[in-house]
Amino acid sequence: GAGVSQSPRYKVAKRGQDVALRCDPISGHVSLFWYQQALGQGPEFLTYFQNEAQLDKSGLPSDRFFAERPEGSVSTLKIQRTQQEDSAVYLCASSRDRGNTGELFFGEGSRLTVL
Amino acid sequence: AQSVTQLDSHVSVSEGTPVLLRCNYSSSYSPSLFWYVQHPNKGLQLLLKYTSAATLVKGINGFEAEFKKSETSFHLTKPSAHMSDAAEYFCVVRGTGRRALTFGSGTRLQVQP
């Protein structure tokens, strides 16, 4: 596809379950970002990859959150032992540059609901 | 640390009237500022960006924003609203040397027929 693709679009998990969210960036894009958007709020930065290297993970809220991009393309955000406060929309964005222009292309997001 | 404050959570205008969405920023250095738009069930889209080349920035769909350092503002305007402009708008700042974007809390624009 031409845009950033995220799956699943909707995920319902019971508290304590592990979840994995996938992001397919635009082909050839060097930079990949994950953001978390709580209901009624603006997105908040989680982590940043340049190719396969995770250069910034300062936004990950706890060690239950883990992200990877092993081959510099597809990325997975994993949340272990989900809690209710993890309920949010998780946004993936990619950029053709090294992330220093702020010109990001966003996917539609994965909405996680933790019961 | 950099931050942005969007002064209105909701703005309602009539079709064909001007739009003004207000944003103030706080940054230790000369910031890069952006406006992104989020339509229902669509991904965030870049409207325009300021990076110190010109204080008046033109974006897509007739939107523009003016950087005013003395007022630490970066308000978004459009002369004439269209029904398709109804969406959530985010003012965004990126600090010098950082790749992470800091988003405001958003302004929901409603356009009445």
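See the structure shown above.
Reading guide: rules and limits
Chains are numbered independently. Their residues run from 1 in the order of the written sequence. Lettering of chains starts at A and numbering of ligands starts at 1, both following the order in which they are written. The predicted nature of this model means local features are confined to residues of pLDDT at least 70 and side-chain atom pairs, given and counted, to a pLDDT of 80 or more, with totals for whole chains, interfaces and linings taken over all residues. Only hydrogens and water are set aside when side-chain values are computed; all heavy atoms of the structure are taken into account. What counts as a salt bridge is simple: a side-chain nitrogen of Lys or Arg found within 4 Å of a carboxyl oxygen of Asp or Glu. Secondary structure elements are defined from DSSP: runs of H or I of at least 4 residues count as helices, runs of E of at least 2 residues count as strands, and each element is numbered from the N terminus. For the exposure calls, accessible area comes from a 1.4 Å probe over protein chains only, and a residue counts as buried if that area is under 20% of its type's maximum, exposed if over 50%, partly exposed in between. For this analysis, a polar contact is any N or O atom pair within 3.5 Å, provided that within protein one partner can donate a hydrogen and the other can accept it, and provided that sequence-adjacent residues contribute only side-chain to side-chain pairs. What makes two residues a contact is simply this: any of their non-hydrogen atoms within 4.5 Å. Geometry of aromatic contacts follows a simple scheme: Phe, Tyr and Trp rings, the Trp one being its six-membered ring, pair when their centres are within 6.5 Å, and the pair is stacked under 30 degrees between planes, edge-to-face over 60, tilted otherwise.

**Thoughts on the pattern of salt bridges**
Then step 1. On inspection of all chains with the given rule, the structure shows nine salt bridges over all chains.
Then step 2. In this structure, Glu108(A) and Arg9(A) form a salt bridge, with 2.7 Å as the shortest nitrogen-oxygen distance. With Glu108(A) in the loop between strand S10 (105-106) and strand S11 (110-114) and Arg9(A) in the loop between strand S1 (5-7) and strand S2 (10-13), this residue pair connects regions lying 99 residues apart in the sequence.
Then step 3. The residue Glu88(B) makes a salt bridge to Arg108(B) at a minimum N-O spacing of 2.9 Å. Of this pair, Glu88(B) sits in strand S10 (residues 87-94) while Arg108(B) sits in strand S12 (residues 107-112), placing them 20 residues apart in sequence.

**Overview of the side chain of Ser31(A)**
Residues and elements named next belong to chain A.
Then step 1. Positionally, Ser31 belongs in strand S4 (residues 31-37).
Then step 2. Its relative accessible area of 0% is what places Ser31 among the buried residues.
Then step 3. Of the polar contacts made by the side chain of Ser31, one reaches the side chain of Tyr48; its length is 3.2 Å.
Then step 4. Among the polar contacts listed, one links the side chain of Ser31 to the backbone oxygen of Asp97, at a separation of 2.6 Å.
Then step 5. Once you skip the residues sitting within four places of it in the chain, Ser31 turns out to touch Tyr48, Phe49, Arg69, Ala93, Ser94, Ser95, Asp97, Arg98 and Gly99.

**A look at the packing of aromatic side chains**
Then step 1. Counted according to the given criterion, the structure contains 15 aromatic pairs over all chains.
Then step 2. An angle of 85° between the planes, with centres 6.2 Å apart, marks the rings of Phe106(A) and Phe103(B) as edge-to-face. Of this pair, Phe106(A) sits in strand S10 while Phe103(B) is found in strand S11 (residues 102-103), placing the two residues in two different chains.
Then step 3. When its relative accessible area of 8% is taken as the criterion, Phe106(A) is described as buried.
Then step 4. Under the relative-accessibility criterion, Phe103(B) is labelled buried at 9%.
Then step 5. Consider the rings of Phe90(B) and Phe103(B), whose centres lie 6.0 Å apart with planes at 80°: the pair is edge-to-face. Here Phe90(B) is found in strand S10, whereas its partner Phe103(B) is found in strand S11, with 13 residues between them in sequence.
Then step 6. Among the aromatic residues, those joined into a ring-pair cluster are Phe33(A), Tyr35(A), Phe45(A), Tyr48(A), Phe106(A), Phe34(B), Tyr36(B), Phe90(B) and Phe103(B).

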